[in-house]
Every structure is written in structure tokens, then in C-alpha cells.
Amino acid sequence: MNLRKAFLLFLCALPLLAVGAPRNIIVMIPDGCATATLTVAREVKGAPLALEGVVYGLVQTRSANSEVTDSAAAATAMSCGALTYNGAISVDVDRRPMLTFGEWAKAQNKAVGIVTTDIITGATPAAFSAHAENRNQTDALIEGQIGSGIDLFLGGGKELLTPERREALKARGYALPDNAQALEAVKQGPVFGLFGKNLLTPMVARRNAPCAEPTLRDMSAKALELLSQDPDGFFLMIEGAQIDKGAHVHDLAWSVHELLAFDDAVALVLDWAKAHPDTVVLIAPDHETGGLTLPRVPKERQGLRAKRIRSATQIGAYKPEALDVCYSTGDHTAVDVFLAGNTPTVRPFRNCDFPVALADRDTTYLPELTGTTVEKNGIRFLITPNGTRLRANYDAIYIPSTQKWYARQL
Ligand SMILES: [Zn+2]
């Protein structure tokens, strides 16, 4: 091979060399989880959590317009790499769509999966898979998710799937399991599994009644099984959504049992990652909810404590005598959250550092593009007015929720 040819080959290989992303990327979000919730969960379990063994840092959680973030702005920061206003789903402060981590991973030809115990259009799953100016735009979010090309959605919200949406998903080849048994039978993607009318049934409610819905661990196991079939690796987001829900209404039992279920999924994922090198697992709450503290109780008030906790009787064998459980708010707080995972060198210090820390991926704004579209061999192209041909989900991205094309990079 002559020198010129070798140099040309080297140039061709440059984009490949520049890709610093791990093969498999797993982000796990225990929504609204306070450090104090970990303390109680450990006492209830009577042993350390899998999560505790891999904690190594702290993450700042603020949004662009508040020290106290909401779940939408927080997940947008973790997915897109920029702070935005509370309520925003993967749009910036000027309401321009930003590249989600799901879209970025699809552009790398990776399989992508979204798993949650929330409704699938909840702020956290939505910010990794869709765009909207406001988290309450449920129709825009589900339509965006249906057209996203993402390989796996597992969560709550059966009623989102109208007959038209079911047909649209079937036409795209999706399996549509609606209970644990049907999910177990799915042996290849894509899959869009919704269980429960809205949220999945809380773990506390499953203790006394049989439940046909999968657990977070069940869904995570199926996601790993299906997504790992992709030769280019995968990106998977797993959310334990109801730790937050319990904290909002000061129901410690709800939060703690959801955290224990999340921890079961963490143990499974960490084991899987051990057996599959080049898998980065990063775990961090999006914010803390409730302002939970566990102060010592004066002697005369001991025994009264339990009355102040909703469904305290369901919390398990843990009956602290000398501790009080105090929530300081029914909302979120501004405190930092813990950072955990299997790669301590991956250290995002702010929520918006996640994309760079995980995949050396900078914030990408998406300027709007115009042109006509053509489809060839199943790949969609945009022909811009100057004749440039841009490949869908690579050079350009089509976002179903806005029905527009965007350039991937400025
Ligand atoms: Zn949240």
C-alpha cells in the first residue's frame, strides 16, 4: 500500500477513532431518592443495599431557572447535556429541541431501551426519548416515542395505547405485551410493553395481592436480554419512579419498598455488567424529594412517631424507637444527590455533565432543516434546498413530535 492510500485510509478511520463511547451504557435513576431513604431501606432490609457498595460521588441537581429542579428539567439535563427550565422535555431555554441520549445512541447504531415504573410519558422516560415544551403534553410525548425508532419501552400507561397507536406500533414491528407472562415470552425486539393503567402497581400494594405486572427487575432483565442482541451495543435508561411518588405524599413505606425493588434491579445490572466488559453503569437520582431527615426523638414522644407516617405498619420489621421521620416539604429540594456506578472514573459533577461523562458527547442543539424527504432501502433521507442528502437519524434527525427535521450538529 502506498503512502497516499494509507493516509486516505487513516482519514476514513478518524471518525471511528474519535468515538470514545463505551459499548453498552446503562443509566439508572432512582427518582427523588434521598440519602436518608437509603438509610431506612438498609434498616428494613437488614443488610447493605447493592447500591451502597458502588456509591462514589455527588451530583448537583439544579435547573436553569431554579435551585430546585423538577423531574423534566433534571432528566433533560442528564439526557441532553444542558440546563433548561422546569417542565421542559429535551428542549432548551429557547424551546429548541436538543439531541436526546436516546437519539444520540440510535445515531451510533446502538439499540436503545427505556424502562420505568412510571407512566411511559412521565418526565424521566420522556426526556430520553421525546421532545415537548411542557411535560404535560402527553399526546406529543407518546407520538414522539412511537415514532422514535427506540427499540424497547417498558413502563406504565396501558390506556395511552389507543387502537390507532396500537396499529402504528404493530406496523413498525413492535410486540405489545401487557403483563409479566406476555413480556417473558418476547424473545426479540422491538417491544412496547405497557403495564398498569397509569403507574405500575406499587410494591407495597403487591405484598397482599397477586400482581400480573412485571417488577422493575423483571423489566430490566428482559431489556438486557433483548438489547444485548445488537452487535453495536446499547443504551438503556432504567427509572425507579415511585420513590419520588411516595416522598411527595410522605408515605415512607411506599418509597422504601420502591427503593428496595430498584436495588434488586441495580444488583442484576451490576452482575450483568461484570460479565460484559465495556459496559458503563451510572446511577444517580435526578433530585431529592421530601427533605427526609431522621432526627433523634425525645423520650416522651417515642411511640407517637409511627402515627405520623402513612402506612407505617406496612414498612416491615423496622420499628425505630429513638428516631423520628421528618419530611420538610411535599416537593423537591435543592440538595445534592449521590452518584454510583461501576466506573468511578466516570464523574459527572452536575446533572448536565452526564452525556459528556458517559460518551464524550457534547451538548447538541438541533437547528431546523427544510427540504424534501426520500426513502431508500428503509433509510429516510432529507434532500435540502442546496441538494445535500442527509441521512435520517445520522446527519439529520426527524422528530415526530414536531414533525420537523433538524441538523444533528451546528
Ligand atoms: Zn424526579
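Scope of this entry: the structure provided in the associated data block. (Residues numbered from 1 in each chain as written. Predicted model: local features only at pLDDT ≥ 70, side-chain atom pairs only at ≥ 80, totals over all residues. Heavy atoms only, no water.)

## A look at the overall build of the protein chain
For the protein chain, the helix and strand inventory stands at 13 helices and 16 strands. Buried positions account for 53% of the 410 residues belonging to the protein chain. Summed over its atoms, the accessible surface of the protein chain is roughly 18000 Å², and 52% of this surface lies on carbon and sulfur atoms. (Helix = DSSP H or I, 4+ residues; strand = E, 2+ residues; numbered from the N terminus. Buried < 20%, exposed > 50% of the residue type's maximum accessible area, 1.4 Å probe, protein only. Areas by Shrake-Rupley, 256 points an atom, 1.4 Å probe, with all protein chains shown as cover.)

## Description of the sheet that holds strand β6 (residues 234-240)
By way of backbone hydrogen bonds, the strands of a sheet pair with one another, either parallel or antiparallel. With respect to topology, eight strands assemble into an open sheet ordered β2-β10-β7-β1-β6-β3-β4-β5, the strand pairing being mixed. Each end of this open sheet is capped by a strand with a single partner; those strands are β2 (55-59) and β5 (191-194). Each strand axis lies, on average, 15 degrees off the axis of its neighbour in the sheet, ignoring direction. Here strand β7 (residues 279-283) pairs with strand β10 (residues 337-341) via two bridges, running antiparallel. Its bridge partner lying in β10, Ile 283 is registered against Ala 340. (Pairing = 2+ DSSP bridges. Axes fitted to C-alpha atoms, helices over the stretch in contact; angles between N-to-C directions.)

## Brief notes about the coordination of the zinc ion
Around the zinc ion, the protein supplies Asp 31 (OD), Asp 31 (OD), Ser 71 (OG), Asp 286 (OD) and His 287 (NE2) as donor atoms, at distances of 1.9 to 2.7 Å. If you list the donors of the zinc ion from N- to C-terminus, the spacing comes out as D-x39-S-x214-D-H. In this pair, Asp 31 sits in the loop between β1 (24-30) and α2 (35-45) while His 287 sits in the loop between β7 and β8 (288-289), placing the two residues 256 residues apart along the sequence. On the accessibility criterion, His 287 (0% relative accessible area) is buried. (Donors = N, O, S within 2.8 Å, 3.2 Å for Na, K, Ca; no water.)

## Quick word on helix α10 (residues 216-227)
End to end, α10 covers 16 Å across twelve residues, agreeing with the expected 16 Å (1.5 Å per residue, within 8%). Looking at α10, one finds that the buried residues are Leu 216, Met 219, Ser 220, Lys 222, Ala 223, Leu 224, Leu 226 and Leu 227. (Expected span 1.5 Å × (residues − 1).)

## Points about the packing of aromatic side chains
How two aromatic rings sit relative to each other is set out by the distance from centre to centre and by the angle between their planes. On inspection of all chains with the given rule, the structure shows six aromatic pairs. Taken together, a centroid distance of 4.6 Å and an interplanar angle of 50 degrees make the contact between Phe 101 and Phe 235 tilted. Separated by 134 residues along the polypeptide, Phe 101 in helix α4 (residues 101-107) and Phe 235 in strand β6 bring together distant segments of the chain. Residue Phe 101 is classed as buried on the basis of its relative accessible area, which comes to 1%. Owing to a relative accessible area of 0%, Phe 235 belongs among the buried residues under this scheme. Taken together, the aromatic side chains of Phe 101, Trp 104, Phe 128 and Phe 235 make up a single cluster linked through ring pairs. Residue placement shows Arg 389 over the ring face of Phe 381; its charged tip is 4.1 Å from the ring centre. (Phe/Tyr/Trp six-rings, centres within 6.5 Å; stacked < 30°, edge-to-face > 60°. Lys NZ or Arg CZ within 6 Å of the ring centre and 35° of its normal.)

## Comments concerning the nonpolar core
Ranked by size, the top nonpolar core spans 51 residues in total, and within it Phe 128, Phe 192, Phe 235 and Leu 358 carry the most contacts. Of the domains in this structure, domain 1 (20-360) and domain 2 (366-410) are the two that each give at least three residues to this core. Those residues in contact with Phe 128, other than ones at most four positions away along the chain, are Ile 29, Ala 75, Met 78, Ser 79, Thr 100, Phe 101, Gly 102, Ile 114, Ile 150, Phe 235 and Met 237. Core analysis: the second largest hydrophobic core is formed by 50 residues, Cys 33, Leu 200, Phe 262 and Val 266 among them. (Core = buried A, V, L, I, M, F, W, Y, C linked by side-chain atoms within 4.5 Å. Domains from an automatic or database assignment. Contact = heavy atoms within 4.5 Å.)

## As for the sheet that holds strand β14 (residues 389-391)
With respect to topology, three strands assemble into an open sheet ordered β12-β13-β14, the strand pairing being antiparallel. Two strands bound the open sheet, and with one partner strand each, they are β12 (372-376) and β14. In this sheet, adjacent strand axes meet at a mean angle of 30 degrees when their direction is disregarded. By the bridge criterion, five bridges tie β12 to strand β13 (residues 379-383) in an arrangement that is antiparallel. Bridging across to β13, Thr 373 finds its partner in Leu 382.

## Here's the deal with the pattern of salt bridges
Taken as a whole, this structure holds 16 salt bridges when the rule is applied. Ionic pairing is found between Asp 118 and Lys 245, a salt bridge with its closest N-O pair at 3.6 Å. Linking Asp 118 in strand β3 (residues 111-119) with Lys 245 in helix α11 (residues 242-248), this pair joins segments that are 127 residues apart in sequence. Lys 222 is the partner of Glu 225 in a salt bridge, and the nearest nitrogen-oxygen pair spans 3.1 Å. (Salt bridge = Lys/Arg side-chain N within 4 Å of Asp/Glu carboxyl O.)

## Description of empty space enclosed by the protein
Within this structure, the stated rule accounts for two cavities of 30 Å³ or more. Looking at the largest cavity, its volume works out to about 80 Å³. Secondary structure elements with two or more residues in the lining of the largest cavity: α9 (203-206) and α12 (252-275). Sort the elements by how many residues they give to the lining of the largest cavity and α12 lands first, with three residues. Classifying every residue of the lining of the largest cavity by side-chain character gives eight nonpolar, five polar and two charged. Approximately 40 Å³ is the volume found for the second largest cavity. (1 Å grid on protein atoms, 1.4 Å probe; cavity = no way out; pocket = protein on both sides within 12 Å on 5 of 7 lines; lining within 4 Å. Points joined across faces, edges and corners; volume = space filled by probe spheres on them. Nonpolar A, V, L, I, M, F, W, Y, C, P; charged D, E, K, R; others polar.)

## Comments concerning the side chain of Ser 129
With respect to the helices, strands and loops of the structure, Ser 129 is situated in the loop between α5 (123-127) and α6 (138-146). Among the polar contacts listed, one links the side chain of Ser 129 to the side chain of Gln 145, at a separation of 3.1 Å. Excluding its chain neighbours within four sequence positions, the residues that come into contact with Ser 129 are Thr 100, Ile 114, Gly 144, Gln 145, Ser 148, Ile 150 and Phe 153. (Polar contact = N/O pair within 3.5 Å; in protein donor to acceptor, adjacent residues only side chain to side chain.)

Note that every value here comes from positions in space, so none of it alone points to a role or purpose.
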